[in-house]
Amino acid sequence: FEERGAALSRWTCSLVHMEELKADLKLIREELPQGTCDVELVDSDLFQWEVSLAGPEGTPYKGGKFRFLLWFPLDFPHRTPRIKCLTPMYHCNIDQNGSVCLDLEHELLRLKLGDTEGPSSTRSSAYCIVQALLSLLAAPVPEDGLVYEASRLLLCDPQEYNRKAQEWTLRYA
């Protein structure tokens, strides 16, 4: 009976997590304008998203469309998703393999639940993760860079960094 109880508990938790992901997906589609952020489920799987983000105005990424894959674990939001950038880009926080340097445990990536305070009053949110990716396009973080050369260039010669980023955007995005 203990095995059945554990399996039922995992199944119930998985349903709860699915509902949270559905709510986040709905929030993204309601709050982020179509064209700025588009989300498609990969093979109709709620736990695998392809996210297309428009390069923000006033950045070298303007005019580009940047595709990311997000893989959510079955126990999301208790574990963070994996993220991969599919669009080649010149960015100090995204390397040539598509790895993204983003602190997914950061408190800013948590959605506030109701009016209560404390750790149980927030949860990791797919909506906040997508917002963080948009922010990374708008404001790269060279101090937490994944690509040393790009980080150094952004700090020492931002105009050259922007030129290279724009060149890559025109070529690949």
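Predicted model, so just to flag it, every value in this text is computed and none were measured. (Residues numbered from 1 in each chain as written. Predicted model: local features only at pLDDT ≥ 70, side-chain atom pairs only at ≥ 80, totals over all residues. Heavy atoms only, no water.)

K.L.:
Even after reading the chapter, I still don't get the packing of aromatic side chains, so can you show me in this structure?
P.N.:
By convention here, two paired aromatic rings are described through the distance between centres and the angle between planes. Counted according to the given criterion, the structure contains six aromatic pairs. Ring centres of Tyr90 and Tyr161 lie 5.4 Å apart, and the angle between their planes is 55°; this geometry places the pair in the tilted category. With Tyr90 in the loop between β4 (82-85) and β5 (110-112) and Tyr161 in helix α4 (residues 158-172), the pair connects residues that are 71 residues apart, well separated along the chain. Given the relative accessible area of 10%, Tyr90 is considered buried. Overall, the relative accessible area of 1% leaves Tyr161 in the buried class. Between the aromatic rings of Tyr90 and Trp168, the centroid separation amounts to 6.0 Å while the plane-to-plane angle is 55°, which identifies the pairing as tilted. (Phe/Tyr/Trp six-rings, centres within 6.5 Å; stacked < 30°, edge-to-face > 60°. Helix = DSSP H or I, 4+ residues; strand = E, 2+ residues; numbered from the N terminus. Buried < 20%, exposed > 50% of the residue type's maximum accessible area, 1.4 Å probe, protein only.)

K.L.:
Whenever I open this one, the sheet that holds β4 confuses me. Can you help?
P.N.:
Consider a sheet: its strands pair through backbone hydrogen bonds, and that pairing is either parallel or antiparallel. The four strands lie next to each other as β1-β2-β3-β4, forming an open sheet whose pairing is antiparallel. The outermost strands of the open sheet, each flanked by one partner alone, are β1 (37-42) and β4. Taking each pair of neighbouring strands and ignoring which way they run, the sheet shows an average axis angle of 25°. Where β1 lies against strand β2 (residues 45-54), six bridges are found, and the strand directions are antiparallel. Residue Leu41 lies in a different strand from β2, and its bridge partner there is Trp49. Against the sheet, helix α2 (residues 126-138) engages β1, β2, β3 (65-71) and β4, with an angle of about 25° to β2. (Pairing = 2+ DSSP bridges. Axes fitted to C-alpha atoms, helices over the stretch in contact; angles between N-to-C directions. Contact = heavy atoms within 4.5 Å.)

K.L.:
When you look at the side chain of Asn93 in this model, what are you seeing that I'm missing?
P.N.:
Of note, Asn93 is situated in the loop between β4 and β5. The buried category is assigned to Asn93, whose relative accessible area is 1%. Looking at Asn93, its side chain comes within polar contact range of the main-chain oxygen of Asp144, at 3.2 Å. In contact with Asn93, other than residues within four places in its own chain, are Ser99, Val100, Cys101, Leu136, Pro140, Val141, Asp144, Gly145 and Leu146. (Polar contact = N/O pair within 3.5 Å; in protein donor to acceptor, adjacent residues only side chain to side chain.)

K.L.:
Sorry, what's going on with α2 here?
P.N.:
Quick reminder: α-helices carry 3.6 residues per turn. Residues three or four places apart thus point the same way. An ideal rise of 1.5 Å per residue puts 18 Å on 13 residues; α2 measures up with 19 Å between its terminal C-alpha atoms. In terms of burial, α2 is largely enclosed, as ten of its 13 residues are buried. Taken as a whole, α2 has its buried residues at Ala126, Tyr127, Cys128, Ile129, Val130, Ala132, Leu133, Leu134, Leu136 and Leu137. (Expected span 1.5 Å × (residues − 1).)

K.L.:
Please explain the pattern of salt bridges as it appears in this structure.
P.N.:
If the charged atoms of two oppositely charged side chains come close together, the side chains can form a pair. Considering all chains together, one arrives at ten salt bridges under this definition. With a shortest N-O distance of 3.3 Å, Glu30 and Lys26 are connected by a salt bridge. Placement of both Glu30 and Lys26 in helix α1 (residues 2-31) is noted, with a separation of four residues, approximately one turn of the helix. You can call Glu30 exposed: its relative accessible area is 52%. Taking relative accessible area as the criterion, Lys26 reaches 52% and is therefore assigned exposed. Across the pair Glu57 and Lys62 runs a salt bridge, and its minimum N-O distance is 3.6 Å. (Salt bridge = Lys/Arg side-chain N within 4 Å of Asp/Glu carboxyl O.)

K.L.:
Explain the layout of surface pockets to me, please; I cannot follow it from the model alone.
P.N.:
Space left empty within the atom packing is revealed by a probe, the size of a water molecule, rolled over the atoms. Empty space within the second largest pocket amounts to approximately 210 Å³. Around the second largest pocket sit 16 residues that line it, and Met89, Ile94, Asp95, Gln96 and Trp168 are the ones nearest its centre. Tallied by class, residues from the lining of the second largest pocket come to nine nonpolar, five polar and two charged. (1 Å grid on protein atoms, 1.4 Å probe; cavity = no way out; pocket = protein on both sides within 12 Å on 5 of 7 lines; lining within 4 Å. Points joined across faces, edges and corners; volume = space filled by probe spheres on them. Nonpolar A, V, L, I, M, F, W, Y, C, P; charged D, E, K, R; others polar.)

By themselves, these are just geometric observations and shouldn't be taken as functional.
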